[in-house]
Structure formats: C-alpha cells, structure tokens
Amino acid sequence: LMVITYLSTFLQVLPMRAPLTAVAELVNGGPWIFSGERVRLKCSVPGNVSAEWRYQWFRGGEQLQESEYFVLWKARPQQSGKYYCQGLRTTWISTQHTLHSLPIEIEVDGGWAILQAPPLPMLVGETMTLMCRVRGNPRLTEVILYKDGVELQRQPGPELRVTNLTLQHHGSYWCRASWDGRRQTNSVISVAASVSIIEVLTEPMLEIVPNDPLIHKDRMLLVCHVQLNAREPVSHIHYYFYQDGLSLGPASSQDRVTVLRDSGRYWCKASIPTLGLKRLSEPVPYGQVTGEHSEHMRNQKQIVVMQSLFRMIHNADQDGGIEDEGPGAL
C-alpha cells in the first residue's frame, strides 16, 4: 500500500509533456494513381527512433492494420480516401498513443489519363510543372493543356510547364493526350485538377486598437496584419506606418506601433528588401477625418517619430540594421 501511494504521488508531480504526433509519408507511388498501380506509405514518430513504437493505419474512421508500412498493391478506385496513422507503445504504466498524423489523400483513378498537378499551393512568380500521364505509358504525339475550358498550350510530350505564375493562373486544369496505335490515332482526356496560386506577401491589413489596456489612454495601437508565404526562411519583414501622407517613423521589425490618438487616415506598408517586395494596405479612417491638423498635433507627431527612431537604432543593434524609407517610397 505504501508503494502504491508513493507511485501515485510521484506520477502527480511529473511534468506534463506535449503529446507526440505521428508522421505519415509517401515512399513509393504518388497521391494520384491509376487503378492497378501500387502506393506505399510509412508511419513514424519523429525524435523517438529508439522507442518501441507500433503503428496503426486508418482511412477515414476505419482502422486498417497495424504496421510501419501500409501498401496498396493493386489499388482500386473504391480505395481512394484520406489515409493517416497513429503511433502507440506499451510501458509498465500504460499504453501511450500519439496524435494522429496529417492525412495523405490518395486518389485511385479508373480512367485513362491523369494530370498530375502540385498538391500544395504555388507562389506568384514560380514555374509550375504539370505531367499528363496515360495508362500504359504509350509514346505520345501531342498533349494539350486546358485551363477553365480554354486551351493553354500544346506539347509533343507529357511534361507541361507554366512559367511566371500570377494569381490569374489559379483555376482548374486538364489535359488531352494523343498517340498512334493499331493504325489509328487514340485520344483521351484527364479529369480536372485544381491548382492554387497565392501571393508571396499578402496585402497588409491595418487594424486600429484605440483602447488597448497596456498603453496610455491618450495613445492607440496600430497593428499591420500580413502573411508571408515562402519556400525558405527570409529576413525580417520591415513595417512602416503612415497618417495622412506623413510617416509615423522609420522602418521597424515590429508589426505594431503606438501613436497619439488622433483623427485621420492611417495605413501601413510591409517590405522584404531581399525579395524586392512591397505591399501597401488600404487606408483606414479614425475619428473625424478633416483637413489639416493643428500645429500642436504636428509637434506631437515629431515626438513619436523621434521615439520610433530610438527603437529603430535599438533594433538595428540587434538585427544588423534596417533600411529606412521616407514617405515618398510608398
């Protein structure tokens, strides 16, 4: 009884660790295959190589099997779905379960042609490679790529490239493939594949917080909301804030700034000099927007500018320097 009591107390004071998450990955095949082809998945628990984990596989809410690898040997269309896995191990205390992995969606196509498109969103400015696959891999004589029902390009081979992507390339694509065989020309059409295109740096959105409890009552908070989508890490985003055409200070690596509470039109700018990107938000009015401000308010703004300058110098010492852009660089 004493031992049981001791263990109970010991377990209660153990620090709680964040639950582990299993990882499912494709090791052979692709997410979109023809019926009769094979695809192989693997489950793992990162950072726990030495642990004796077992793995369970699921499709939707159905448990499939317990194994490290899961293989569809001769896939059938009805086996299409979202596959995910979970790790589990038994200790002397209990059975530990990881969180479910992110799902891998497998599409088994019973037709004759597949247009393989990037599964993840593409970025503006990138080059997109599409592959028009035909069952049996015949020697193709012509491949036509369509977007939203309009012919985009023709190639003699299965690989199609769309360069310098813009947001207008977002849409639904499919291909028509032709080849010669048995004294006739054969032609098949794939089903549609969706392609998403997103901005590297989204358009900023300025939020005005007039009653933040952490700042003085005669000031308000400006927050510049923006999203960065990049394949690799980039340097800090530089933020600028403006009121009625007047800069409220030099560049900062912080996406927020406190300013004197004052009527006017405010906006912000986000810049990544290393990528040559600049985006400006829409102006947001606050208070009674009139014409000129009083000389007193202009003097107060200069104080805010000087305070921002001191912050910039402090940030430059820590981050290796931040460039400055004046009001004319909007």
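About the criteria used
- The written sequence of each chain sets the order in which its residues are numbered from 1.
- Per-residue local features of the predicted model are confined to residues with pLDDT of at least 70, and side-chain atom pairs are confined, for both listing and counting, to 80 or more; whole-chain, interface and lining totals are unaffected and use all residues.
- The basis for the side-chain values is all heavy atoms of the structure; hydrogens and waters are excluded.
- When a carboxyl oxygen of Asp or Glu lies within 4 Å of a side-chain nitrogen of Lys or Arg, that pair is called a salt bridge.
- Put simply, DSSP marks the helices as runs of H or I at least four residues long and the strands as runs of E at least two long, and each gets a number from the N terminus on.
- The buried label goes to any residue with under 20% of its type's maximum accessible area, the exposed label to any with over 50%, and the partly exposed label to all in between, with areas taken from a 1.4 Å probe on protein chains only.
- A patch is a set of surface residues, each over 30% in relative accessible area and not in a salt bridge, joined within 9 Å for like charges and within 5 Å for the nonpolar side chains Val, Leu, Ile, Met, Phe, Trp and Tyr.
- The protein chains shown are the only cover counted for residues, whose accessible areas, like all others here, come from Shrake-Rupley with a 1.4 Å probe.
- Think of it this way: DSSP has to see at least two bridges between two strands before they count as a pair.
- Pairing of aromatic rings covers Phe, Tyr and Trp, the last counted by its six-membered ring, and requires centre-to-centre distances within 6.5 Å; plane angles under 30 degrees mean stacked, over 60 mean edge-to-face, and any other angle means tilted.
- In this description, a nonpolar core means a group of buried Ala, Val, Leu, Ile, Met, Phe, Trp, Tyr and Cys residues linked to one another through side-chain atoms lying within 4.5 Å.
- For this analysis, residues touch if any pair of their heavy atoms sits within 4.5 Å.

As annotated in an unreviewed UniProt entry, the protein chain carries the name Ig-like domain-containing protein and is attributed to Salmo trutta.

To continue, consider the pattern of salt bridges. Scanning the entire structure with this criterion turns up 11 salt bridges. Of the charged contacts, one joins E66 and R54 as a salt bridge, the two residues approaching to 2.9 Å between their closest N and O atoms. Linking E66 in strand β5 (residues 62-66) with R54 in strand β4 (residues 54-59), this pair joins segments that are 12 residues apart in sequence. When its relative accessible area of 44% is taken as the criterion, E66 is described as partly exposed. Overall, R54 belongs to the partly exposed group, its relative accessible area being 32%.

Right, let's talk about a nonpolar patch on the surface for a bit. Nonpolar side chains collect at one region of the surface, where L228, V234 and L275 lie side by side and expose about 200 Å² of accessible area between them. Mapped onto the fold, L275 is located in the loop between β25 (264-272) and β26 (277-280).

Where β4 lies against strand β7 (residues 81-90), 6 bridges are found, and the strand directions are antiparallel. Note on β7: the bridge partner recorded for Y55 is G87. Bridge count for β4 against β5 is 3 bridges, and the pairing is antiparallel. By the bridge assignment for β5, F58 is matched with Q63.

Looking now at the packing of aromatic side chains. Applying the stated criterion across every chain yields a total of 5 aromatic pairs. Ring geometry for F58 versus Y84: centroids 5.3 Å apart, planes at 15°, classification stacked. Here F58, found in strand β4, pairs with Y84, found in strand β7; they are 26 residues apart in sequence, far enough to count as distant. Exposure class is identical for F58 and Y84. Each is buried. Ring plane angle 20° and centroid distance 6.1 Å describe the contact between Y146 and W174, whose orientation is recorded as stacked. Linking Y146 in strand β13 (residues 140-147) with W174 in strand β16 (residues 171-181), this pair joins segments that are 28 residues apart in sequence. Y146 gets classed as buried once you look at its relative accessible area, which sits at 17%. Relative accessible area serves as the criterion here: at 24%, W174 is assigned to the partly exposed category.

Note that soluble globular proteins tend to have their nonpolar side chains buried in a common cluster. Formed by 20 residues in total, the largest nonpolar core has its most connected members in L115 and M128. Going through the elements one at a time, β10 (113-116), β12 (128-134), β13, β15 (159-162) and β16 are the ones with two or more residues in this core. In this structure, L115 is in contact with W32, L130, M131, C132, L145, L160, Y173, W174, C175, S190 and A193, ignoring residues within four places of it in sequence. Within the second largest apolar cluster, 18 residues are counted, among which are A24, L41, V45 and I104.

Our focus in this paragraph is the environment of D180. Examined against the element boundaries, D180 turns out to sit in strand β16. Distance from D180 to R139, taken between C-alpha atoms, is 7.9 Å for residues 41 residues apart in sequence. Ignoring sequence-local partners within four residues, the contact set of D180 consists of T141, T185 and N186.

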